[in-house]
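Results of the structural survey
These are the residues of each chain, in order.
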Amino acid sequence: MKIFTIVFTVIAAILIIFNVTQIDFNNLFEGQSVVALITIFTSLCGIALLQVLRLSKKVNKQVKNSK
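What comes next concerns the included structure.

Take the side chain of S33 next. Within the secondary structure, S33 sits in helix α2 (residues 32-66). Residue classification places S33 among the buried residues on the basis of a relative accessible area of 1%. Apart from the residues within four sequence positions on either side, S33 is in contact with Q22, I23, D24, N27 and L28.

This is how it looks when you write it as structure tokens:
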């Protein structure tokens, strides 16, 4: 599970970097810039969810070990 979260976090980070290059800062809310902003936002949400999943698995493992 740890490898899964790391791989998808790296993929999401690559998507963020790629989409930052696609933004036209002169026309931020038109055309491809909107798609890039939406993709950046969803990638950030995905990273946050993956980190929550990783932390919950870690907490679950510690609770099982303490019993």
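So, about a nonpolar patch on the surface. Residues M1, I3, F4, V7, F8, I11 and L15 make up a contiguous nonpolar surface patch of about 670 Å² in total accessible area. Counting through the fold element by element, M1 comes out in the segment before α1 (2-22).

Quick look at the layout of surface pockets now. Roughly 180 Å³ of internal volume is contained in the largest pocket. Around the largest pocket, the lining residues are M1, K2, R54, K57, K58 and K61. In terms of residue count, α2 provides more of the lining of the largest pocket than any other element does, 4 residues in total.

Right, let's get into α2. An α-helical segment advances 3.6 residues per turn. Residues three or four places apart therefore align on the same side. In this model α2 runs 51 Å from its N-terminal to its C-terminal C-alpha over 35 residues, within 8% of the 51 Å that 1.5 Å per residue would give. Three or more residues of α2 are buried, namely S33, A36, I40, S43 and L50.

On to the environment of N60. If you trace the backbone, N60 turns up in helix α2. Look at N60 and you get partly exposed, because its relative accessible area is 38%. Separated by 31 residues in sequence, N60 and F29 have C-alpha atoms that sit 42 Å apart.

Rules and cut-offs
- Residues numbered from 1 in each chain as written.
- Predicted model: local features only at pLDDT ≥ 70, side-chain atom pairs only at ≥ 80, totals over all residues.
- Heavy atoms only, no water.
- Helix = DSSP H or I, 4+ residues; strand = E, 2+ residues; numbered from the N terminus.
- Buried < 20%, exposed > 50% of the residue type's maximum accessible area, 1.4 Å probe, protein only.
- Contact = heavy atoms within 4.5 Å.
- Patch = residues over 30% accessible without salt bridge, like charges linked within 9 Å, V, L, I, M, F, W, Y side chains within 5 Å.
- Areas by Shrake-Rupley, 256 points an atom, 1.4 Å probe, with all protein chains shown as cover.
- Salt bridge = Lys/Arg side-chain N within 4 Å of Asp/Glu carboxyl O.
- 1 Å grid on protein atoms, 1.4 Å probe; cavity = no way out; pocket = protein on both sides within 12 Å on 5 of 7 lines; lining within 4 Å.
- Points joined across faces, edges and corners; volume = space filled by probe spheres on them.
- Expected span 1.5 Å × (residues − 1).

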